Amino acid sequence: MDFETYQNKAKKTALYPNVGNNFIYPTLGLTNESGEVAGKIKKVMRDKGGVIDDDTKIEIKKELGDVLWYLSQLSTELNLSLDEIAEANLQKLSSRMERNQLHGEGDDR
């Protein structure tokens, strides 16, 4: 599946207040779901010696799917295409790699 197909299918499942004019809801959802991914990883470090077993991988996969959904919805609310976002990100990273600037801090390196 490509990002455009995903984004189009995902927006059909959006049920929250003022869909189409509410970037706050998917932003909060994205933050929440990202935290759930981090929490599962934290528990792997605490309880499983840093080893991700198959069951944990399945649970993390589910949470990453939720992250993707909220990312998609936020992008849709902002009239941005996930395909364009992905392409721009790879161009940015490629430029940084060519300039040996992958390490460090700041958006404009």
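Structure: see above.
The following paragraphs examine the structure supplied in this document. (Residues numbered from 1 in each chain as written. Predicted model: local features only at pLDDT ≥ 70, side-chain atom pairs only at ≥ 80, totals over all residues. Heavy atoms only, no water.)

So, the packing of aromatic side chains
Piece 1. Considering all chains together, one arrives at three aromatic pairs under this definition.
Piece 2. Centre to centre, the rings of Tyr25 and Tyr70 are 6.3 Å apart; their planes meet at 45 degrees, and the pair counts as tilted. Of the two residues, Tyr25 is situated in helix α2 (residues 24-47) and Tyr70 in helix α3 (residues 54-77); the sequence distance between them amounts to 45 residues.
Piece 3. Tyr25 sits in the partly exposed class, given a relative accessible area of 34%.
Piece 4. Residue Tyr70 is classed as buried on the basis of its relative accessible area of 14%.
Piece 5. Their ring planes at 85 degrees and their centres at 4.9 Å tell us that Trp69 and Tyr70 sit as a pair that is edge-to-face. Comparing Trp69 with Tyr70, the two get one shared label, buried.
Piece 6. Through a chain of ring-to-ring contacts, three or more aromatic side chains come together here, namely Tyr16, Tyr25, Trp69 and Tyr70. (Phe/Tyr/Trp six-rings, centres within 6.5 Å; stacked < 30°, edge-to-face > 60°. Helix = DSSP H or I, 4+ residues; strand = E, 2+ residues; numbered from the N terminus. Buried < 20%, exposed > 50% of the residue type's maximum accessible area, 1.4 Å probe, protein only.)

What to know about the nonpolar core
Piece 1. Formed by Tyr6, Ala10, Ala14, Tyr16, Leu30, Val37, Val67, Trp69, Tyr70, Leu74 and Leu82, the largest nonpolar core amounts to eleven residues.
Piece 2. Elements with a contribution of two residues or more to this core: α1 (3-11), α2 and α3.
Piece 3. Of the residues forming this core, the biggest block, four residues, is contributed by α3.
Piece 4. Discounting chain neighbours no more than four positions away, the residues touching Tyr16 are Asn22, Tyr25, Pro26, Trp69, Gln73 and Glu77. (Core = buried A, V, L, I, M, F, W, Y, C linked by side-chain atoms within 4.5 Å. Contact = heavy atoms within 4.5 Å.)

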